[in-house]
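# Descriptive structure summary
Each chain is listed here by its residues.
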2 protein chains.
Amino acid sequence: MKLSTKGKYGLYAMFYLAQHAGNGPQPLKSVAEIGVPEDYLEQLLGNLRRAGLVTTVRGAQGGYQLAKEPQAITVGDIIDATEGPLSISECLSDEGSCHRAGQCKTRRVWEYLSNSINDLLQSISLQDMLEQEQFGITKES
Amino acid sequence: MKLSTKGKYGLYAMFYLAQHAGNGPQPLKSVAEIGVPEDYLEQLLGNLRRAGLVTTVRGAQGGYQLAKEPQAITVGDIIDATEGPLSISECLSDEGSCHRAGQCKTRRVWEYLSNSINDLLQSISLQDMLEQEQFGITKES
DNA sequence: TCATACCCGACTATTCTTGTCAACATTAGC
DNA sequence: GCTAATGTTGACAAGAATAGTCGGGTATGA
């Protein structure tokens, strides 16, 4: 179980935009300095735009900027937008794939895990990241 | 971010073994009745054996059984054994892939998420699953 | 010794990931 | 209006991962 680079890059990009909020639209070239291929990043920002997390200004001097305040955007929003909704098990989305009653006892586990992880992701906002220390990290590595 | 079938099938199989604990070794054929191809399941049970979660008896009347009590085996153990350790981001395992200081602020997020999810997975045992209702599910779907 | 069962490694088809590329649409500024 | 800067879109492709499949072992109870 791991995140693909889409979610990771998406968070990088959104964090970059959060850091530059208020400075006008940031062109793709600038955002790509976080270390992501431009052509690939473009796709991800497209998804983030369609999800309503960033707005764009086309043409010269255009670029990308956050569509909302940093505290109104969560890590979960970003991962949803870039990776698609996380589904621990397709049992949860596809009804009918649990063809045996015995197996369905495990379904409740997926349900519980899925809900818990979603809550977790929704509990961290870009603002929290800007402020650091805000989301429960206490132990030193 | 999703689990592969390995983790899912692994949990099915382990839950099956938990349900039949005390009835002697369960042959692969029986376990496969949960709806997993025998040849594939064999690989997964091999991983579970190497992880010390099941023991096997070879030869006629042989089969697989839990290596420990159901309360001593967690969903996290099973997923680790079948899917390999979950790594949200390779930033956490591979040092040096965070090549920019700016990006590394997001690293703490992965760290936090990773720890939280691991704790979550470790908090559910097979015994909890046998007893149902035991691992925090309260809301009706 | 034979049937039952686990053990192991190689092989493969399909899908997903991670980009790359080319053509197009929009707009600011001269 | 022209041009350069910029976002938009969809097609394409190499490589890796997933989800099995297969063929031959080895151990053991009857």
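Quick caveat: nothing in here was measured; it's all calculated off a predicted structure. Sequence positions are assigned chain by chain, starting from 1 and proceeding in written order. Chain letters and ligand numbers both follow the written order, the letters beginning at A and the numbers at 1. Local features in this predicted model are restricted to residues of pLDDT 70 or higher, and side-chain atom pairs are both shown and tallied only at a pLDDT of 80 or more, whereas totals for entire chains, interfaces and linings draw on every residue. Hydrogens are left out, water is left out, and the side-chain values use all remaining heavy atoms of the structure.

## Regarding the overall build of chain A
- Helix and strand assignments follow DSSP, with helices taken as H or I runs no shorter than four residues and strands as E runs no shorter than two, numbered in order from the N terminus. When you go through chain A residue by residue, the secondary structure sums to 7 helices and 2 strands.
- When the elements of chain A are put in sequence order from the N terminus, they spell out α-α-α-β-β-α-α-α-α.
- Burial analysis of chain A (141 residues in total) assigns 47% to the buried set.
- Only heavy atoms enter the contact rule, under which two residues are in contact if any of them lie within 4.5 Å. Pairs at least 24 apart in sequence give 59% of the contacts found in chain A among residues at least 6 apart.
- Computed with a 1.4 Å probe, the accessible areas rest on the Shrake-Rupley method; for each residue, only the protein chains presented here act as cover. Total accessible area on chain A stands at roughly 6900 Å², and carbon and sulfur atoms take up 44% of it. Under the scheme applied here, a residue whose accessible area is under 20% of the maximum for its type counts as buried, over 50% as exposed, and between as partly exposed, the area being computed with a 1.4 Å probe on protein chains only.

## Topic: the side chain of Thr 106 of chain A
- By the element assignment, Thr 106 of chain A lies in helix α6 (residues 104-122).
- For Thr 106 of chain A, a relative accessible area of 1% corresponds to the buried category.

## Quick look at the protein's contact with DNA strand D
- Throughout this document, a residue counts as near a molecule or strand when at least one of its heavy atoms sits within 4 Å of that molecule or strand. Taken together, 27 residues are adjacent to DNA strand D, and Glu 42, Arg 49 and Gly 63 of chain A together with Gln 43 and Arg 58 of chain B come closest.
- Protein-proximal atoms of DNA strand D, defined as those within 4 Å of the protein, fall in sugar or phosphate at a share of 64%.
- By the criterion applied in these results, polar contacts are pairs of N or O atoms within 3.5 Å in which, for protein atoms, one can donate a hydrogen and the other can accept it, and in which residues neighboring in sequence qualify only through two side-chain atoms. Contact between DNA strand D and Leu 28 of chain A: a phosphate oxygen at 3.0 Å from a main-chain N or O atom of the residue.
- Here a phosphate oxygen of DNA strand D and a side-chain polar atom of Arg 49 of chain A are 2.5 Å apart.
- Contributions of two or more residues to the surface near DNA strand D are made by α3 (38-50), β1 (54-57) and β2 (63-66) of chain A together with α1 (5-19) and α3 (38-50) of chain B.
- Per element, the largest residue contribution to the surface near DNA strand D is 4 residues, and it comes from α3 of chain A.
- By residue class, the composition of the surface near DNA strand D is 9 nonpolar, 12 polar and 6 charged. In the scheme used here, Gly and all other residues not listed as nonpolar or charged are polar, with Ala, Val, Leu, Ile, Met, Phe, Trp, Tyr, Cys and Pro taken as nonpolar and Asp, Glu, Lys and Arg as charged.

## Remarks on the confidence of the model for chain A
- Think of pLDDT as the predictor's per-residue confidence, scored from 0 to 100. Here chain A averages 86 in pLDDT, and 83% of its residues register 70 or above.
- The weakest mean pLDDT in chain A belongs to helix α5 (residues 90-93) of chain A at 61; the strongest belongs to β2 of chain A at 98.

## Considering the protein's contact with DNA strand C
- Surveying the vicinity of DNA strand C reveals 27 residues, the closest of which are Thr 5 and Gln 43 of chain A together with Leu 28, Glu 42 and Arg 49 of chain B.
- A share of 67% of the atoms of DNA strand C within 4 Å of the protein falls on sugar and phosphate groups.
- Contacts to DNA strand C include Gly 59 of chain A, whose backbone N or O atom sits 3.5 Å from a base oxygen.
- When contributions to the surface near DNA strand C are tallied by element, the ones reaching two or more residues are α1 (5-19) and α3 of chain A together with α3, β1 (54-57) and β2 (63-66) of chain B.
- Ranked by residue count, the leading element in the surface near DNA strand C is α3 of chain B, at 4 residues.
- When its residues are assigned to classes, the surface near DNA strand C shows 9 nonpolar, 11 polar and 7 charged.

## Observations concerning the packing of aromatic side chains
Residues and elements named next belong to chain A.
- Centres within 6.5 Å make a pair out of two Phe, Tyr or Trp rings, where for Trp the six-membered ring is used; the pair is then stacked when the planes are under 30 degrees apart, edge-to-face when over 60, and tilted otherwise. Taken as a whole and judged by the stated rule, the model has 4 aromatic pairs over all chains.
- Note on Tyr 9 and Tyr 12: the rings are 6.4 Å apart at their centroids and 35 degrees apart in plane angle, and the pair reads as tilted. Placement of both Tyr 9 and Tyr 12 in helix α1 is noted, with a separation of 3 residues, approximately one turn of the helix. Each of the two residues, Tyr 9 as well as Tyr 12, counts as buried.
- Ring centres of Tyr 9 and Tyr 40 lie 6.1 Å apart, and the angle between their planes is 85 degrees; on these two criteria the pair is classed as edge-to-face. With Tyr 9 in helix α1 and Tyr 40 in helix α3, the pair connects residues that are 31 residues apart, well separated along the chain.
- Take Tyr 40: its relative accessible area is 26%, and that puts it in the partly exposed class.
- Among the aromatic side chains, those forming a connected cluster through ring pairs are Tyr 9, Tyr 12 and Tyr 40.

## Observations concerning unusual backbone geometry
Residue and element names in this part refer to chain A.
- The backbone phi angle of Gln 61 is positive, close to 60 degrees, even though this residue is not glycine.
- Positionally, Gln 61 belongs in the loop between β1 and β2.
- Residue class for Gln 61 comes out exposed when judged on its relative accessible area of 72%.

## Some thoughts on the pairing of β2 of chain A
All names here are of chain A.
- By the bridge criterion, 4 bridges tie β1 to β2 in an arrangement that is antiparallel. Bridge pairing in β2 links Val 57 to Gly 63.
- Between the antiparallel neighbours β1 and β2 lie 5 residues, among them Gly 59 with a positive phi of about 85 degrees. In this scheme, strands are said to pair when DSSP sees at least two bridges between them.

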